[in-house]
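# Descriptive analysis of the structure
What follows is each chain in one-letter form.
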Amino acid sequence: MKPLLQSEAFVRIAAPLAVGIALFVLWEVGFRLASVPVYLFPKPSDIFASFVHNGPSLFRALLVTLRVTLQAFAAAVIIGILVAFMFVQSRAIEVSLFPYAVLLQVTPVVAIAPLIIILVKNTQLSLTICATLVALFPIISNTTLGLRSVDPGLANYFRMNRASRLKTLVKLRIPGALPYFFGGLRISSGLALIGAVVAEFVAGTGGRSSGLAYEILDAGFTLDIPRMFAALFLITLTGVVLFAAMVVLSRLALSNWHESEIRTET
């Protein structure tokens, strides 16, 4: 069965890759035959040439955006877990405070980012706060749901044995919440990147401390469309890598015991 599983994994990787290559080939050939101007829509070869020419500035901007994203993601995870633990200990606290978490989720970050940037003088910190607000809700909601979703029989067993709240939390609720938590991580990692990029668009900072959003804005002002697409491609690739990292982390944590990650042999 092991070779079969290995072949399935190969197909999962090779099939999307083959489709992507085919789309890039069609894009290149079709745009060459149609003679589409590069200032309207660049070909893959134009984007690759822009990567080669603007590589140092693009990757420097990527590091800036990635730093904000990872800082916001880490802050969202820590705050989200603590808030979820607080919610699960008291229904009154959850009912009182959960609407404010929902309020943060439904408020567009582009609307509150200017206020945060004005109030917080440190640009890096203000961008991190904006991205954290975007990435926070999935951690809170998923972790809280997981901590609440315990087996009633096991909960009664812990009650019968007079287990403390801390022991019940550590031994029962946290292991049961892990699949929900990792599901929240997959969503939150992408939202942290989106929040960082949106905050950078609003801040519009230049120089060596600028991120990929500023590269896109600057490329648009100068009509350097291939550089704009190159920056967009880096943002997309970063989001895919973050999601894949969360998938791998989930499998490493759950593959030995939880049915969501255990591969059944057929």
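We now turn to the structure provided with this report. (Residues numbered from 1 in each chain as written. Predicted model: local features only at pLDDT ≥ 70, side-chain atom pairs only at ≥ 80, totals over all residues. Heavy atoms only, no water.)

## What about the packing of aromatic side chains?
Think of a pair of aromatic rings as described by two things: how far the centres are apart, and how the planes are tilted against each other in angle. Taken as a whole and assessed by the stated rule, the structure comprises 10 aromatic pairs. Consider the rings of Phe98 and Phe137, whose centres lie 5.9 Å apart with planes at 50°: the pair is tilted. Of this pair, Phe98 sits in helix H3 (residues 91-106) while Phe137 sits in helix H5 (residues 123-148); the two residues are 39 residues apart in sequence, bridging distant segments of the chain. Three or more aromatic residues joined by ring pairs form one cluster here, namely Phe24, Trp27, Phe31, Phe41 and Phe229. (Phe/Tyr/Trp six-rings, centres within 6.5 Å; stacked < 30°, edge-to-face > 60°. Helix = DSSP H or I, 4+ residues; strand = E, 2+ residues; numbered from the N terminus.)

## Description of the nonpolar core
By size, the foremost hydrophobic cluster in this structure holds 30 residues, and its most contacted members are Phe73, Val77, Cys130, Ile140, Phe181 and Leu185. Of all the secondary structure elements, the ones that give two or more residues to this core are helix H2 (44-89), helix H4 (109-119), H5, helix H7 (165-203) and helix H9 (225-254). Ranked by the residues each element gives to this core, the list is headed by H5, at nine residues. Residues contacting Leu185, with those up to four places away along its chain left out, are Phe73, Val77, Ile139, Met246 and Leu249. Within the second largest apolar cluster, 20 residues are counted, among which are Leu193, Leu212, Met228 and Ala230. (Core = buried A, V, L, I, M, F, W, Y, C linked by side-chain atoms within 4.5 Å. Buried < 20%, exposed > 50% of the residue type's maximum accessible area, 1.4 Å probe, protein only. Contact = heavy atoms within 4.5 Å.)

## Some remarks on H5
Here H5 is 26 residues long and its end C-alpha atoms lie 38 Å apart, about the 38 Å a rise of 1.5 Å per residue gives. Roughly 35° is the biggest bend found in H5, and it falls at Ala135, with proline Pro138 one to four residues downstream. The opening residue of H5 is Asn122, an N-cap whose side-chain oxygen sits 3.0 Å from the backbone nitrogen of Gln124. (Expected span 1.5 Å × (residues − 1). Bend = angle between axes of the 7 residues up to and from the residue. Polar contact = N/O pair within 3.5 Å; in protein donor to acceptor, adjacent residues only side chain to side chain.)

## Considering unusual backbone geometry
Although it is not a glycine, Ser35 sits at a positive phi angle of roughly 55°. Of note, Ser35 is situated in the loop between helix H1 (2-34) and H2. Located in the positive-phi region is Arg162, a residue other than glycine, with phi close to 55°. Counting through the fold element by element, Arg162 comes out in the loop between helix H6 (152-160) and H7.

## Let's talk about the environment of Thr238
When you line up the elements, Thr238 lands in helix H9. The class of Thr238 is buried, set by a relative accessible area of 11%. With 173 residues separating them in the primary sequence, Thr238 and Thr65 have C-alpha atoms 9.8 Å apart. Discounting residues that sit within four places of it in the chain, Thr238 has contacts with Leu62, Leu66 and Leu193.

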